[in-house]
Amino acid sequence: MSDLAAKRFPRPTGLRLLDWGLGAWTALVFLFLYGPIAVLIGYSFNTSKLNVVWEAFTFRWYGELMRNEPILRTLGNSLVIAAAATVLAVVIGTTGAWLLHRFRYRGARAIQTLICVPMIMPEIVMGVSLLILFRVASLELGFASVILAHTTFCFPFVLVAVQARLQGLDPALEEAALDLGATPLRAFWLVIVPCLRPAVISGALMAFTLSMDELIISFFTVSPASRTLPLQVFGMAKVGLNPMLNALSAIFVVTTVAFVLFTEHLKRLAAR
Amino acid sequence: MQALPAADAENPHARRATPMGWWLLAPMLIWLALFVVAPLLILVVYSFCSRDDLGRVVFDFTWTNYARVFDDTYLKILARSVGYAALTTLICVAAGFPAGWFIARRPPAVRNRLLLLVMIPFWTSFLIRTYAWIAILKSEGLLNATLLSARVIPQPLELLYTPVAVVIGLVYAYLPFMILPVYGSAEKLDNALVEAAHDLGAGPLRAFSEVIIPLTWPGIAAGVLLVFVPAIGMFAITDLMGGAKVAMIGNVIQNQVFKARNLPFAAALGVVFTLLFVASYLALQWRGRRARA
């Protein structure tokens, strides 16, 4: 095989051969990444409950999913929590990014580092420390505790996304607005915010997805009433296979694909 | 960390913060103080507390919790967690580095499409992705069924709830987190440098170890940090893929909080875990500085 390749591509064979090898390796990596997901989606349409052997095509599991009370209830909780956390994250993240861009703060570097901490801190440490904080503050666990926790790890992602966009923004824009008599607030709202919209939207989508998928931190900060969908799925998956979970997973995957494509589209818009 | 954006100090039009500027930033600073700094400080304080007979936390200064972290049972679990995470990281580097590198070397149109293919698993819930492996690995699952019908094996293999399954689950969950940062550094690397090394007579191995590795180190380091540390504490994957058989530090923390209700001990474990995180971060930084020197 290598001899053949060497004859067909005389020079520089070493590099070209390496490239072929790398390509094949990358293909294997993608097979590894997508194979299991494809199997899962395929089985979500299988009538067999044990889903080893393909029996026949059905939408039954999707139907059962739509009628499953715990799943619907926890999905509702997740949507409420993710929506609230996203709104808070967008407000804190966008204003934070703008202010850090607009003003020179003493200790700006320290602030920036602190903002990165929730993004890279191990989730379990964040979960335990927030749980203890809520105990100490005698805040009853419920929706508020999860929303506070989720906002804390979501807003840095919005902030960083907006910051990246701000770096490419012409500073003359705001000055022009101010020279033309706009108050700083009006200049921010009418000039800066529209420029930042693609970054804010993709940051918001990121925050929403992170919140919807979050398991570990929620694990420590929910109450039975505010249980989220990932916790419900985790509980069901621990018991073993469940065709309803296949259907749910398929829906999750399709939603994620739509989300990624939309974010890419936004990025392309912003780059123009 | 190099992968994170630098502080936005470059804006030449930034003005010195007025009191108004501080007031406007205050909500975010208070949020960070309340929900990032305060919890960590309380965690440290709690780790030195003890419990009374009723299970309430008593504020006295004791090293008992830390002594317990380093007694044989927990030290073994800690070592096992670090071992599994290290193995996971190693496999992720081995699998992810060539892929990230290859994607970065494609023409832009192909590159963006391949990158999209990495983003999708990156953003798909790890829970869903771990669950996918249960269907494949369990004793009456797809892999066993295939191998049985092909008569490769006489009876089903016990794959699920084994250490191998845990590592597969961890690698599967974290692989995209390695590919993306490696891609990030490899994309910035000037191809001329690699060709120059080649033209100057460096073999592929030498070009790799003396040009490619040092120049993509920030990406590798970021990837290692994104894989190694979370993998140590990831109790959900060990629960799903390892059953209750393979206990990791994350499972212990979770048990101490919800079953044993020993918050001070859980706090001590959390502090040790955080220190482990800081140590690996500093080690990677140090290695990076040495590679550049």
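Residues numbered from 1 in each chain as written. Chains lettered and ligands numbered in written order. Predicted model: local features only at pLDDT ≥ 70, side-chain atom pairs only at ≥ 80, totals over all residues. Heavy atoms only, no water.

## A word on a nonpolar patch on the surface
Residue and element names in this part refer to chain A. Note the cut-off: Put simply, a patch holds well-exposed residues, over 30% relative accessible area, that have no salt bridge, with like charges counted together within 9 Å and Val, Leu, Ile, Met, Phe, Trp or Tyr side chains within 5 Å. Methods summary: accessible areas were calculated by the Shrake-Rupley approach with a probe of 1.4 Å, and residue burial reflects only the protein chains presented. Salt bridge criterion: a side-chain nitrogen from Lys or Arg within 4 Å of a carboxyl oxygen from Asp or Glu. In this text, helices come from DSSP runs of H or I with a minimum length of four residues, and strands from runs of E with a minimum of two, each type numbered from the N-terminal end. Burial classes: relative accessible area under 20% of the type maximum marks a residue as buried, over 50% as exposed, and values in between as partly exposed (1.4 Å probe, protein chains only).
Taken together, Trp25, Leu28 and Leu31 make up a surface patch of nonpolar side chains, about 330 Å² in accessible area. Looking at where Trp25 falls in the secondary structure, it is placed in helix H2 (residues 13-43). Trp25 sits in the partly exposed class, given a relative accessible area of 38%.

## Section: the packing of aromatic side chains
Defined as follows: Between 30 and 60 degrees the pair is tilted, below 30 it is stacked and above 60 it is edge-to-face, where a pair is any two Phe, Tyr or Trp rings, Trp via its six-membered ring, whose centres lie within 6.5 Å. A ring has a charge above it when a Lys NZ or an Arg CZ is no more than 6 Å from the ring centre and no more than 35 degrees off the ring normal.
Applying the stated criterion across every chain yields a total of 32 aromatic pairs over all chains. Between the aromatic rings of A:Phe103 and A:Tyr105, the centroid separation amounts to 6.1 Å while the plane-to-plane angle is 75 degrees, which identifies the pairing as edge-to-face. Residue classification places A:Phe103 among the buried positions, given a relative accessible area of 14%. Owing to a relative accessible area of 7%, A:Tyr105 belongs among the buried residues under this scheme. Grouping aromatic residues by their ring pairs yields a cluster made of A:Phe219, A:Phe220, A:Phe234, B:Phe235 and B:Phe258. One residue, B:Arg68, lies across the ring of B:Phe265, its end atom 4.0 Å from the ring centre.

## Side note on the domain arrangement of chain A
Many analyses report the size of an interface as the accessible area lost when the parts associate. Residue and element names in this part refer to chain A. Using the following cut-off: For the purposes of this description, domain bounds are those given by an automatic or database domain assignment. Put simply, buried area is how much 1.4 Å-probe accessible surface two parts lose in total, over both of them, once they are put together. Between N or O atoms, a polar contact is any pair within 3.5 Å; within protein, one atom must be a potential hydrogen donor and the other a potential acceptor, and residues adjacent in sequence are included only when both atoms are from side chains. The nonpolar class holds Ala, Val, Leu, Ile, Met, Phe, Trp, Tyr, Cys and Pro. Asp, Glu, Lys and Arg form the charged class, and all remaining residues, Gly among them, are polar.
Taken as a whole, chain A is organised into domain 1 (2-43) and domain 2 (71-271). Placing a centre on the C-alpha atoms of domain 1 and another on those of domain 2 gives a separation of 37 Å. Buried area between domain 1 and domain 2, summed over both chains or domains, comes out near 360 Å², and the portion from carbon and sulfur atoms is 78%. Our count for the contact surface shared by domain 1 and domain 2 stands at zero salt bridges. The interface formed by domain 1 and domain 2 includes zero residue pairs in polar contact (both at pLDDT 80 or more). Of the residues assigned to the side of domain 1 that touches domain 2, the class counts are four nonpolar, no polar and no charged.

## Regarding unusual backbone geometry
In most cases, non-glycine residues show a negative phi, while peptide bonds are predominantly trans. Residues and elements named next belong to chain B. A positive phi angle is found at Arg151, which is not glycine, with a value near 60 degrees. Within the fold, Arg151 resides in the loop between helix H6 (142-149) and helix H7 (163-188). Take Arg151: its relative accessible area is 75%, and that puts it in the exposed class. Positive phi is not limited to glycine here, since Tyr161 has a value of about 65 degrees. Accessibility expressed as a relative area gives 29% for Tyr161, which makes it partly exposed.

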